[in-house]
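Fold and contact review
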Amino acid sequence: MTKRTRRPSETTGLSRRQLLKATGSTAALLAAAKLNFPAGAFAQDAGPEVKGAKLGFIALSDAGPLFVAKDKGLFAKYGVPDTDVQKQASWGTTRDNLVLGSEGNGIDGAHILTPMPYLISAGKVTQNNQPTPMYILARLNLDAQCISVAKEYAGLKVGADASVLKAAFEKKKAEGKSAKVAMTFPGGTHDLWIRYWLAAGGIDPDKDVETITVPPPQMVANMKVGTMDAFCVGEPWPGQLVHQGIGYTAVNTGEIWSKHPEKSLGMRAAWVDKNPKAAKAILMAVMEAQQWADKAENKEELATIMAKRQWINCPVEDIADRAKGKFDYGLPGKVIENSPHIMKYWRDHASYPFQSHDLWFMTEDIRWGKYEAGFDSKALIAKVNREDMWRDAAKTLGVAAADIPASTSRGKETFFDGKVFDPENPAAYLKSLAIKRVEV
């Protein structure tokens, strides 16, 4: 007996017309789902692997793009709505939480001092020197950190030339007191700026003064009680110091090195490798936030966002002026309008992580003994610096070709004291520096 093949309507209990209607509805639903994928998101059928990541930040103005991305729904726009932006107590806490990762109740990435992903990846600042591989996906800003000096030195009117402090520090030591300068993390950007500035003025940061670590939000309170004579930190704390009459700005770090790199968006390599689409989504959200934050017409709103309790938690007045480029140094007659050293989030290729800049940071950390002489900096940079991901994200965002650097190097860099860093010959740069902890 021949076995009859059943029609679809018999196996499903649906008529042919019902079946076609149901199939059409499913197709329509699928089409609608695809059409409703977050606006601006990159075109991959599956979308991000996860809905978000845990990102850390320190209460500083250069974390602004993360605040904007969260407050303005940009993480959600790119398909990672559950991205959590969490305040960290210090850079040491940031490091520890990055080592843990979110699976260990830590974080997956952070607003971070550019040298830190390298120090963590190399195991130079981690417990038992255990490396935790990191990636840098973008730079967050250029310029606008400051070196501040206590009010007791107001008569010296300290500026770019730190040498005027040499005799004052020697006198203090002769009286049995310690001359102290503060930075935020050993081997980090603020440590390197204040070291460079002091050494250029003939002051050895390891021998002539005591260099201490203080978390950024605690700088002003510590100077108020006389903990240190000078410190280096990012905005808004130098501006707040001036507003409270406790000290003054000696130098904006952009005066030391114009358009210098500062913070980065760093993420655990393991997380990015596991979730490359989600990492790209986070990167795109941050890049769009950087573009928004850099526009003059948005500066007032940006200051208001950054001042919020969950972000920096300070009076908006401590942020607004310097965010707009007005720098009152706290000395009579020294107010700069439209400073060229305003914090830059996007212009001048601020977001692109030049590998040549990472090489400068590593060379300076070799200078001060954080890495051994002869350390293969370029090999580590090739692993950590993911400028390729930045380029891919920029292309998807439709960034103009003029805003995408042609090279991974910005070329030779000239500092305020005339020193020149050639990324093709970092050894020659090291050799030119008088005060250092390494023999070249």
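Residues numbered from 1 in each chain as written. Predicted model: local features only at pLDDT ≥ 70, side-chain atom pairs only at ≥ 80, totals over all residues. Heavy atoms only, no water.

Some thoughts on the nonpolar core
In terms of nonpolar packing, the biggest core is built from 129 residues, with F75, W197, I282, L283 and W360 touching the most fellow members. With 12 residues, helix α13 (residues 276-293) is the largest single contributor of residues to this core. When neighbours within four sequence positions are excluded, L283 is seen to be in contact with L137, A138, L265, M389, W390 and A393. (Core = buried A, V, L, I, M, F, W, Y, C linked by side-chain atoms within 4.5 Å. Buried < 20%, exposed > 50% of the residue type's maximum accessible area, 1.4 Å probe, protein only. Helix = DSSP H or I, 4+ residues; strand = E, 2+ residues; numbered from the N terminus. Contact = heavy atoms within 4.5 Å.)

Observations regarding the packing of helix α3 (residues 64-71) against α13
For the pair α3 and α13, interaxial distance at closest approach is 8 Å and the crossing angle is 105°. Accordingly, the angle class assigned to the pair α3 and α13 is roughly perpendicular. Judged by residue contacts, P65, L66, V68 and A69 of α3 engage A285, V286, A289, Q290 and W292 from α13. (Axes fitted to C-alpha atoms, helices over the stretch in contact; angles between N-to-C directions. Parallel < 35°, antiparallel > 145°, perpendicular 65-115°, else oblique.)

Describing the pairing of strand β3 (residues 109-113)
Of all 5 residues in β3, 5 are buried, a share of seventy percent or more. By the bridge criterion, 2 bridges tie strand β1 (residues 54-57) to β3 in an arrangement that is parallel. For G56, the partnering residue across the bridge sits in β3 and is A110. Relative to strand β10 (residues 263-268), β3 runs antiparallel, the two sharing 5 bridges. Within β10, the position partnered with H111 by the bridge is L265. (Pairing = 2+ DSSP bridges.)

Section: the sheet that holds strand β6 (residues 180-183)
The strand order β7-β6-β8-β5-β9 describes an open sheet built from 5 strands, whose pairing is mixed. Of all strands in the sheet, those bounded by a partner on one side alone are β7 (210-213) and β9 (247-252). Across the sheet, the mean angle from the axis of one strand to that of its neighbour is 25°, orientation sign disregarded. Two elements, strand β5 (residues 145-150) and strand β8 (residues 230-234), share 5 bridges in a ladder whose sense is antiparallel. If you follow I147 over to β8, its bridge partner there is C232. Helix α8 (residues 189-200) rests against β5, β6, β7, β8 and β9 of the sheet, and its axis sits at about 135° to β8.

Focus: the environment of M228
Tracing the chain through its elements places M228 in the loop between α9 (219-224) and β8. Each C-alpha atom of the pair M228 and I212 lies 8.4 Å from the other, and the pair is 16 residues apart in sequence. Ignoring any residue separated from it by four or fewer positions in sequence, one finds M228 in contact with A150, K180, A182, I212, V214, M219, N222 and M223.

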